[in-house]
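If you want the building blocks of each chain, they are given just below.
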Amino acid sequence: MTMEDIKEKARILREKINFHNHRYYVLDSPEISDGEYDRLMRELQDIEAKHPDLISPDSPTQKVGAPPLESFGTLEHSMPMLSLQNAMNVEELREFDARLKRSLETNFDIEYVAEPKMDGLAVELIYEGGLFKVGSTRGDGIRGENITLNLKTIKSIPLRLKDSPFDELPERISVRGEVFLPLEAFSMLNKKREDEGEPLFANPRNAAAGSLRQLDSSITAKRPLDIYSYGVGEVKGKNFITQWEILQTFKDYGLKVNPLIKKCENIDVAIEYFEEMSRRRNELPYEIDGVVFKVNNIRLQGELGEIARSPRWAIACKFPPAQEHTVVNEIIASVGRTGVLTPVAILEPVKVGGVVVSKATLHNQDEVDRKDVREGDTVIIQRAGDVIPEVVSVILSRRKAGSKPYILPDTCPDCAGKVVKEDAFHRCLNSSCPTRLKESIRHFAGKNGMNIDGLGFKHIEQMVDKCLIKDPADLYHLTIEDILTLDRFAEKSAQNIIDSINKSRNTTLARLIYSLGIRNVGESTAKILAAEFGSMERLKKTTINELMEVDEVGPETAAAITGFFSARENLELIEKLWEGEVYCSAPEKRAGGLFEGKLFVLTGTLESFNRNEIKTLIEREGGKVSSSVSKKTTYLLAGEGPGSKYEKALKFGVDILSEAELKKMLSLD
Ligand code: IVH
């Protein structure tokens, strides 16, 4: 192949991959299997590795993150990013419409474009000649942070706009939109963080903000952020007549637009839309906090102008929040397994959205400072994401005289050990701190760890308090007499615990690794490490470089692992486990699973599994799950009410499995 051929090949590959990215991430309607997609991507990566000069800024390979930055630069918005005036209810929305009519001196209906108000972060994307150049956060509206590298990793942000034969791409266009984290991705991310002993994100918005403001864009790349584009800033080389036209043009460009947008010919239709969204709010796969209405006609927008940093021609009609106010009786520092001290507000119990709330997390010191929450304060609380209660703000007018700002203690409330600040978090460094110890034994013995059946937290607490155990390995040296010293234990129940402990001695390497509670090492990483290294001895001696070669292990995790195995007490713990006759059976093999080389597609609703569970089960057996049926599909797993994939599978002669058949194959029936 000549250099020209290679160049052409790379160009075609890029075009193909960009086309499929758009089908998958923007239109939610893929045309090829994941496997085929991976092959195209790998082919392009190979070419680019051999010929780095062929890497173009819009190459889809540029979506995986870049080396970490020292800090973000700032970018000035060529037109300010304004905020929106709010309407708190439908009456205020009507007043808004009446106000506009007075201002425009008209009795005619005003047409609006409505769309959900996404609870995420506003960003600006600058495209020049169709190419994504830079992007930034809203910041103070005038200037924001340059987060170009992070935005590039978001799959639904095209690096190049699609052009059409009828209309040239504008010379320069500022696209504004909202980046958000879908609810499912949010709960998966938090579950992973919980597994790994990392502090949880309070809500999807915070998680999106934390992901978007990472200096290391390869971390952002792992978070399934999404975007809906909703407006423009400065545009050169194109004139839009209506807001509706802007949104339709965005779609032609390959930008993602909320499918729920609606043109409302008058305020009554707008109100109907608001009411419909209030009803549908909880069914949506992302959080919204209201509906945004914009005057459709851009000439009218210009006539209306702006007031106090918000356009007169747009309004956000907010949903009533699940909020209440109550008093903070006390603020305590709660110690977790990894030693992180979380400030928790102990509240005068109050009902919020139908649930009694008596505690609310304050996340970390920075959050406490930002909100300035103090003991004795009256605060507004809300249930964010409908689960974790959080303090929204303090009602300062009710603050009692003499209150003092809350500061997390510099010694651990439990063991009086030294507390240090790492990033946003305060951590107790004493690894034998009783609370840390209890929490780490809970983790060790837990269901996904050594799985000691029947050993509850109450038992663990007593064992530690009575000095029967000083580390997890001591569990394997307990006698029935020891157990009998605990409250409410008789011969039989004590024997049951001993039996469970005995049973847990025979485990897998992956479980053992997980149970050690190494920071960043959750269940899936532990499995990968077990498969990769095969034994604890081998893992103990591994190096950061070696670890970084492993899929899914980034620099932080690699450092956490080598750090763990360089501490003498941890090596002693492992020795003690062996002495306690803990035994790992051969590691789970990656190859040789039941579904090795098999490609699955799912359709319809399953009875006993959700989609993630079933995906894990299939992957554990070496199979793959793809979203569309092709000739390469091995099985179509069809649940209740299968969709068009079913016909396609019949056409390709793909084997169709029922849920029951799959369960049988997996011996789950
Ligand atoms: S339009 C000049 N549309 O709300 C109007 N904003 O308070 C610009 N937001 O900073 C905003 N969803 O972060 C618009 N569909 C939507 C939106 C939306 C969320 C946010 C955006 C903006 C804030 C305005």
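Here is a short report on the structure shown in this document. (Residues numbered from 1 in each chain as written. Predicted model: local features only at pLDDT ≥ 70, side-chain atom pairs only at ≥ 80, totals over all residues. Heavy atoms only, no water.)

## Let's talk about the nonpolar core
Residues Leu 475, Ile 483, Ile 513, Leu 529 and Met 536 are the most contacted members of the largest nonpolar core, which totals 51 residues. Among residues more than four places away in sequence, those in contact with Leu 475 are Ile 441, Phe 444, Ile 452, Leu 455, Met 463, Ile 469 and Ile 501. (Core = buried A, V, L, I, M, F, W, Y, C linked by side-chain atoms within 4.5 Å. Buried < 20%, exposed > 50% of the residue type's maximum accessible area, 1.4 Å probe, protein only. Contact = heavy atoms within 4.5 Å.)

## Overview of the environment of Leu 54
In this structure, Leu 54 sits in the loop between helix H2 (34–50) and strand E1 (74–76). Taking the relative accessible area as the measure of exposure, Leu 54 reaches 10% and is therefore buried. Separated by 47 residues in the primary sequence, Leu 54 and Lys 7 have C-alpha atoms spaced 7.0 Å apart. Other than its neighbours up to four places away in sequence, Leu 54 contacts Met 3, Ile 6, Lys 7, Ala 10, Arg 14, Ile 47 and Glu 48. (Helix = DSSP H or I, 4+ residues; strand = E, 2+ residues; numbered from the N terminus.)

## Description of the sheet that holds strand E13 (residues 314–318)
Ordered by their spatial adjacency, 5 strands build an open sheet running E2-E13-E10-E3-E9, and the pairing between neighbours is mixed. In this open sheet, the two strands that pair with only one neighbour each are strand E2 (85–87) and strand E9 (262–264). This sheet shows a mean twist of 35 degrees between the axes of neighbouring strands, independent of strand direction. As judged from the 7 bridges shared by strand E3 (residues 112–118) and strand E10 (residues 288–295), these two strands associate in the antiparallel manner. Bridge pairing in E10 links Met 118 to Ile 288. Of the strands in this sheet, E3, E9, E10 and E13 are in contact with helix H9 (residues 267–280), which crosses E10 at around 165 degrees. (Pairing = 2+ DSSP bridges. Axes fitted to C-alpha atoms, helices over the stretch in contact; angles between N-to-C directions.)

## Quick look at the pairing of E13
For E13, the buried fraction is high: 4 of the 5 residues fall into the buried class. Sheet analysis places E2 next to E13, joined by 3 bridges and oriented parallel. The partner of Ala 87 across the bridge, within E13, is Cys 317. Where E10 and E13 come together, 5 bridges link them in antiparallel fashion.

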